[in-house]
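Structural characterization, general
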Amino acid sequence: MLEITSYTVEKLKDPFGILSGDRYEFFLDVDVPEDDELYNENGLRLKVILSVTDEEAKIVQYHFYDRSTDKYIDFSLEEDEEQMVLAFCKERTSEAEEQ
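So, here's what we can say about the structure. (Residues numbered from 1 in each chain as written. Predicted model: local features only at pLDDT ≥ 70, side-chain atom pairs only at ≥ 80, totals over all residues. Heavy atoms only, no water.)

**What about the overall build of the protein?**
Per the secondary structure count, the protein includes two helices and five strands. Its helices and strands in sequence order give the protein the pattern β-β-β-β-β-α-α, from N to C terminus. Projected onto the principal axes, the alpha-carbon positions of the protein cover approximately 45 × 25 × 25 Å. Relative to its 99 residues, the protein shows a buried fraction of 36%. Of the contacts made within the protein by residues no fewer than 6 positions apart, 52% connect residues no fewer than 24 positions apart. Of the roughly 6400 Å² of accessible surface on the protein, a fraction of 43% belongs to carbon and sulfur atoms. Positive and negative side-chain charges in the protein, numbering 10 and 27 respectively, have mean positions lying 7 Å apart. (Helix = DSSP H or I, 4+ residues; strand = E, 2+ residues; numbered from the N terminus. Buried < 20%, exposed > 50% of the residue type's maximum accessible area, 1.4 Å probe, protein only. Contact = heavy atoms within 4.5 Å. Areas by Shrake-Rupley, 256 points an atom, 1.4 Å probe, with all protein chains shown as cover. Lys, Arg positive; Asp, Glu negative; His and termini not counted. Charge placed at Lys NZ, Arg CZ, Asp CG, Glu CD.)

What follows is the structure, given as structure tokens:
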């Protein structure tokens, strides 16, 4: 199971009003156990775009990157990991509002 060790969050601006609701960009530094297929000795960063409307919050996009080189890594979250990341991000959207 991955562990989120640090993060940043920013509310994305939609100057043309095309998107419904709000979008937030998260960069999550994550650690995974060495025996996990996601393991990377340089560490991993997960970029998450979260959509929040009156009805729901959902992850609309995410990508893994090597923490030291910022190179894209083609991996997917397992369902339970995706739910954990969604809950983590939902709880922290208000921090972007305060910036």
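That was the structure; now back to the text.
**Digging into a nonpolar patch on the surface**
There is a patch of nonpolar side chains on the surface, built from Phe16, Ile18 and Leu19 and spanning about 390 Å² of accessible area. Residue placement: Phe16 occurs in the loop between strand S1 (3-12) and strand S2 (22-31). Residue classification places Phe16 among the exposed residues on the basis of a relative accessible area of 72%. (Patch = residues over 30% accessible without salt bridge, like charges linked within 9 Å, V, L, I, M, F, W, Y side chains within 5 Å. Salt bridge = Lys/Arg side-chain N within 4 Å of Asp/Glu carboxyl O.)

**Observations regarding the nonpolar core**
Counting residues in hydrophobic clusters, the biggest one holds 23 residues, and the most contacted among them are Phe26, Leu28, Leu46, Val48, Phe64, Val85 and Cys89. Looking at this core, the elements with two or more residues in it are S1, S2, strand S3 (44-52), strand S4 (57-66) and helix H1 (79-91). Apart from the residues lying within four places of it in its own chain, the contact partners of Leu28 are Ile4, Ser6, Tyr7, Leu44, Arg45, Leu46, Val48, Val85, Phe88 and Cys89. (Core = buried A, V, L, I, M, F, W, Y, C linked by side-chain atoms within 4.5 Å.)

**Notes on the sheet that holds strand S5 (residues 72-73)**
If you trace the five strands from one edge of the open sheet to the other, you get S1-S2-S3-S4-S5, paired in antiparallel fashion. The open sheet has two edge strands with one neighbour each: S1 and S5. Two elements, S1 and S2, share nine bridges in a ladder whose sense is antiparallel. Within the sheet, the bridge partner assigned to Ser6 lies in S2 and is Asp29. Lying on the sheet, H1 is in contact with S1, S2, S3 and S4; it crosses S4 at an angle near 110 degrees. (Pairing = 2+ DSSP bridges. Axes fitted to C-alpha atoms, helices over the stretch in contact; angles between N-to-C directions.)

**Digging into the pairing of S2**
Among the 10 residues that make up S2, seven are buried, leaving the element largely enclosed by the rest of the structure. Where S2 lies against S3, nine bridges are found, and the strand directions are antiparallel. Opposite Asp29, over in S3, you have Arg45 as the bridge partner.

**Here we look at the environment of Asp22**
Here Asp22 is to be found in strand S2. Residue classification places Asp22 among the partly exposed positions, given a relative accessible area of 30%. Along the primary structure Asp22 and Val32 are separated by 10 residues, whereas in three dimensions their C-alpha atoms are 30 Å apart. When near neighbours in sequence (up to four residues on either side) are disregarded, Asp22 contacts Lys11, Leu50, Ser51, Val52 and Glu97.

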